[in-house]
Amino acid sequence: MCREFVQTVENTPIVAAIKNKEGLEVCLKTDIDVIFVLYGDVCSIPHIVKKIKDAGKIAMVHIDLINGLSGKNVAVDYIKNNTQADGIITTKNNLIAHAKEVGLNTILRYFVLDSMALLTIENQAKQSNIQPDIIEIIPGVVVPKIIKCIDKISKVPVMAGGLISDKEDVMNALSSGAISISTTNQNVWFLD
């Protein structure tokens, strides 16, 4: 399952990240195959994911942003047992291992703000037996040199997200080694 998921993301240079109902409705009209859900609560997330799945798309839930869920394994179990989600996105490494155990695809999100973030990524790649399927770097408009550096130290594919606003940002991230980008910017969803 994980290799197929990674391949789909690699074949989807732009991933739609949705932060509200309007974004959900717009993304369903795109050719984008992978959708990141960045909003909702324990009551609405099953319905949001169902709409995405009914449209034939992959639904990845940013578990840290769903109201009513905690940073504990039970939150992963909730997503697995109560939604049709294909996987989770999180900033919490401990949730990655449990998500993989229960059969969900995983994206570990890193905020790259300084050199300490690079050390964290490198240490995680060296020390952890359990790796996410993909790591996502935020913001995605970081210097291309940094994306190349992270791509070299990571054991898994790297994608870029956050603050990507035009074709130049997309091309810079992809040419630097990112397998795809994620963005809430709907104009980018429709780039040629």
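Residues numbered from 1 in each chain as written. Predicted model: local features only at pLDDT ≥ 70, side-chain atom pairs only at ≥ 80, totals over all residues. Heavy atoms only, no water.

Draft legend 1. Structural view of the overall build of the protein. Looking only at helices and strands, one finds nine helices and eight strands in the protein. Taking 192 residues into account, the globule formula puts the C-alpha radius of gyration at 16 Å, and the protein, at 15 Å, falls close to it. Taking the principal axes of its C-alpha atoms as reference, the protein extends roughly 40 × 40 × 25 Å. A buried classification covers 50% of the 192 residues belonging to the protein. Relative to all contacts within the protein whose residues are 6 or more apart in sequence, the contacts with residues 24 or more apart total 57%. For the protein, the exposed area adds up to about 9,000 Å²; of that, 52% sits on carbon and sulfur atoms. (Helix = DSSP H or I, 4+ residues; strand = E, 2+ residues; numbered from the N terminus. Rg over C-alpha atoms; globule rule 2.2 N^0.38 Å. Buried < 20%, exposed > 50% of the residue type's maximum accessible area, 1.4 Å probe, protein only. Contact = heavy atoms within 4.5 Å. Areas by Shrake-Rupley, 256 points an atom, 1.4 Å probe, with all protein chains shown as cover.)

Draft legend 2. Focus on the packing of helix α6 (residues 115-127) against helix α7 (residues 144-153). At their nearest, the axes of α6 and α7 sit 9 Å apart, and the two run at 20 degrees to each other. As the angle between them shows, α6 and α7 are arranged roughly parallel. The hand of the α6/α7 crossing is right-handed. Taken together, the residues of α7 that come into contact with α6 (itself represented by Leu118, Ile121, Glu122 and Ala125) are Ile146, Ile150 and Ile153. Taken together, the residues of the contact of α6 with α7 break down into six nonpolar, no polar and one charged. (Axes fitted to C-alpha atoms, helices over the stretch in contact; angles between N-to-C directions. Parallel < 35°, antiparallel > 145°, perpendicular 65-115°, else oblique. Left-handed = near helix turned anticlockwise from the far one by under 90°. Nonpolar A, V, L, I, M, F, W, Y, C, P; charged D, E, K, R; others polar.)

Draft legend 3. Seen up close, the sheet that holds strand β1 (residues 14-18). Pairing is parallel in the closed barrel, where eight strands are placed in the order β1-β2-β3-β4-β5-β6-β7-β8. For this sheet, the mean inter-axis angle between neighbouring strands, taken without regard to orientation, is 25 degrees. Relative to strand β8 (residues 181-183), strand β7 (residues 158-161) runs parallel, the two sharing two bridges. Along β8, the bridge assignment pairs glycine 161 with serine 182. Against the sheet, helix α5 (residues 93-101) engages β4 (87-90) and β5 (105-111), with an angle of about 170 degrees to β5. (Pairing = 2+ DSSP bridges.)

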